[in-house]
Every structure is written in structure tokens, then in C-alpha cells.
Amino acid sequence: MSQTSAALGRIQPSATLAMSARVNALKAQGVDVIGLSAGEPDFDTPDFVKEAGIAAIRNNLTRYTDVDGTADVKEAVMFKFKRDNGLDYKRSQISVNSGGKHTLFNALVATVDVGDEVIIPAPYWVSYPDIVNFAGGTPVFIEGPASQGYKITADQLEAAITPRTKWVMLNSPSNPSGAAYSADELKALADVLLRHPHVLVMTDDMYEHVWYASTPFATIAQVCPDLYERTLTVNGCSKAFSMTGWRIGFAGGPEWIIKAMGKLQSQSTSNPCSISQAAAVAALTGPQDFLEERNGVFRKRRDMVVAMLNDAPGLDCPTPEGAFYVYPDASGVIGKVTPKGVTIDSDETLIAYFLDEAKVAAVHGAAFGLSPAFRISYATSDDVLKKACTRIQEACAALR
């Protein structure tokens, strides 16, 4: 007889973290495995940010803070939203949390009831549906296939909305596909949402500054001010500032949602780490010029990985417009047989083959809700990426 809760039974362990753990275990055994499953930039946290954290420790900023962030970090988040997105928020409209995932969790658990529907475009970040399920809601998926650039259309969104729809979740640039919505594409989705005033909008902009498209980054409350009062704009320090371990996420939105998130946080984690909050102030208000340089490195890696994977028999790899992932369509290898006689009947089988035979770890597309495909993170060195892509090419060429 299980003694765990029904809520816990509605979720699964993170597929991306599970693969990363498997890679670490293989490396500990001395296996020459290349891990491309983790969504973590390989750059170090900028020195000026680290120094702010060190100064916080030395100045004894090591005590409890306000539950959803100090005044200083909220002011820094407000400054960031105004500078980067043209969005004006008050302190009472800002929530600071222990990472972007925590921000999303707080928002959904604080607002979703049993029977509520949450629209999630697929492919999606693995945690979205699990958080909705944990809250008791129902994920409603809209597929954005490779033929649509891994994006959904206004007509698809219109068809998915029902009287039970509570939230629509948008993620641009996307994890896992790197797809990025232009301002015009967001405006088309916004026009649909304006016709359905009961629907809230959550936009996950965590990869905002990892952007390669020719048009500027845009977020939906910026493109459509009429949605401002029902949009939660989520972001954080993890990706742009290489602060994954510092665990700072944040959101700007309606006061009632922010207050509800704070109430939940007061009975869960309490405040985000005080030291990390001080470092986040430096990150958000300090020099931003290094972001363009890092994007140049990511763009070069993207181009190399896309070219090499498109040279692998059976794979079709679109060119992403942001983030640091590629999401190759693997339709061309489904049904083929490995040298050991195993039929590749799914992207999960394909990923197992890559790991066992090519010693390359990726994440299967089914974990992101759109198959057959897989996700590779190119947030690692050129040499490692070349070696990994060569191994994948050879593994695909060996299929019959």
C-alpha cells in the first residue's frame, strides 16, 4: 500500500535530470560518455556577480529576507523589465523565487484547481505538464510540428480554448526546440486571447538573452498591452547570467497572483537565498555587454551542430532562433535496425542506442511531448560537440 500522496503520484521525475544523473554515473565508472542532456550554460558566472555574492556574505546579508524578495532585488527586477521589455511594474507586482521552476510552480499551484485546463504548446519543457498535474489541473497540448517551426498558430490556440481554460503557457525562445516567436506571431496569438478574457497568460522568457533571430526579442505583454492585467511574465538569472546554481527566478504580473504566490512561498521555502538575491541585483543592473559575446559563441556552435546533424542519415535538424538546444526530427530513422538487431521503434529507443553504442547522451522527444525527435544541448565546447555529432553521424549511418 502506497503511503505517498495522490499529488505526488500525478508527476514523474524530470527526464532531463534523470539522463544527467545517468551520465554522471557512467562517467564515475570511467565510461567515455558525452553528456548533451543538461540545459546549463558552460560559461562561468560573471566575476562582478560573484563579487556581489561574496560581498553579501562579508556584509552579513545572510539572514531571512521578505518572503518574495528584498526591496533591492525587486527594484532590480523592475529595472530589468523596464529596460529590456518596456514593462512597468510596482514592487507589489514582483515575485522573486528559488529559480524559474519555483516561480512557475508557485504560480500554477496557487491558481489552478481540479478541472482547470492549462494549454501547453508542444514540444514543451518537461516540467510544465507535471506541475499542472500536481496542482490538479489538466494539461491541454497543442502540437507545433517542425513544419511550423515548432510553433503553434492562432487557429490552433482558438480551437484549444474552452470555458475551463485557466492558463495558456508560452515559452520563447523554447526549451527544447529553440523556436522563437516574433512580435507579429505573438500579436496573432494575443488577438485570440483578447477574445477570451477568462484566460490567464504565462510567458516563460528564461532564454530571452540567448537570441539569434534578426528581429528583436518580444514578450506578449509588451506586444499587446491589453493583456498586461492578466499576464505573468516569468524570467530569471539562470541562463543569461550562468547562475543555474544560484537559484533565482522572478515574475512580474497582476498583484493578486503575486500575493497568492507569496502566500504559498511563505509556507514552503520562505525567502530565496539572501546571498543569491544580492548577486541577482548585480546581474540585472550591471554590465550587459558580455551577453552579445556569449551569443556569438552559442550561434557558432548552433550552426556547426545543425550542419553536422543534418549530415546524419535520417535526421532533419531545423535551425533554432534562440536558446542553446537543437531538436532534430528523427522520423527518417524510425523503423531502422541497429547492428545488434534492435528496431528503432521510438525516439526513446533511438536515444538508448546513442547512449549505449555512440556514448552520447541526449533526451528523447517523447519527454517534451513531440515525437519522434530528441533534444541536444550545445552549451559545451566546440571539440566536444564535434566529437558527439560525429558519433551520432556514425551511429545513424550504421542503421539498416
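Cut-offs applied
- Residue numbers run consecutively from 1 along every chain, following the written order of its sequence.
- Thresholds applied to this predicted model are a pLDDT of at least 70 for local features of residues and 80 or more for the giving and counting of side-chain atom pairs; totals over whole chains, interfaces and linings are not thresholded and use all residues.
- Neither water nor hydrogens contribute to the side-chain values; these are computed over all heavy atoms in the structure.
- UniProt positions are given in the numbering used here, feature names are shortened, and annotations may be inferred rather than shown by experiment.
- Think of a 1 Å grid over just the protein atoms. A cavity is a set of points where a 1.4 Å probe fits yet cannot get out, a pocket is an open set with protein on both sides within 12 Å along at least five of seven lines, and lining residues have an atom within 4 Å of a point.
- Grid points are joined across faces, edges and corners, and a volume is the space filled by probe spheres set on the points.
- Strands are runs of DSSP state E lasting at least two residues, helices are runs of H or I lasting at least four, and both sets are numbered from the N terminus onward.
- Under the scheme applied, nonpolar residues are Ala, Val, Leu, Ile, Met, Phe, Trp, Tyr, Cys and Pro; charged residues are Asp, Glu, Lys and Arg; polar residues are all the others, including Gly.
- The rule is simple: take the accessible area with a 1.4 Å probe, protein chains only, and divide by the maximum for that residue type; under 20% is buried, over 50% is exposed, in between is partly exposed.
- Criterion used throughout: strands pair if DSSP finds at least two bridges between them.
- A clockwise course of the path from the first strand over the helix to the second, judged with the strands pointing away from the viewer, identifies a crossover as right-handed.
- A contact between two residues is defined here by any heavy atoms of the two lying within 4.5 Å.

- An unreviewed UniProt entry annotates the chain as Aminotransferase of Sphingobium psychrophilum.
- The UniProt entry for the chain carries the following text under Catalytic activity (unreviewed entry): "L-aspartate + 2-oxoglutarate = oxaloacetate + L-glutamate".
- One UniProt comment on the chain, placed under Sequence similarities (unreviewed entry), says "Belongs to the class-I pyridoxal-phosphate-dependent aminotransferase family."

**A word on the layout of surface pockets**
- A volume near 530 Å³ is recorded for the largest pocket.
- Taken together, 28 residues form the lining of the largest pocket, with Gly39, Lys101, Trp125, Lys239 and Arg247 sitting closest to its centre.
- Listed by contribution, the elements that provide at least two residues to the lining of the largest pocket are helix H2 (15-28), helix H5 (100-111) and helix H6 (127-135).
- Residues belonging to the lining of the largest pocket are distributed by class as follows: ten nonpolar, twelve polar and six charged.

**So, the pairing of strand S5 (residues 165-171)**
- A large share of S5 lies buried, amounting to seven of its seven residues.
- By the bridge criterion, three bridges tie strand S3 (residues 117-122) to S5 in an arrangement that is parallel. Directly across from glutamate 117, in S5, lies its bridge partner threonine 165.
- Note: S5 against strand S6 (residues 200-204), five bridges, orientation parallel. When the sheet's bridge partners are listed, tryptophan 167 is paired in S6 with leucine 200.
- Following the chain from S5 across helix H8 (residues 183-194) to the adjacent parallel S6, one finds a crossover that is right-handed.

**Things to note about H6**
- A large share of H6 lies buried, amounting to seven of its nine residues.
- Those residues of H6 that fall on the buried side of the exposure criterion are Ser127, Tyr128, Pro129, Asp130, Ile131, Val132 and Ala135.
- Packing partners of the buried residues in H6 comprise H5, S3, strand S4 (138-143), S5 and S6.
- One or two steps after H6, the chain reaches glycine 136, where phi turns positive at roughly 95°.

**Comments concerning the sheet that holds strand S12 (residues 374-377)**
- Here we have three strands laid out as an open sheet, ordered S9-S12-S11, and antiparallel in their pairing. Edge positions in the open sheet fall to strand S9 (325-326) and strand S11 (363-364), since each of these has one partner strand only.
- With two bridges connecting them, S11 and S12 associate as antiparallel partners. Paired with histidine 364 across the bridge in S12 is phenylalanine 374.

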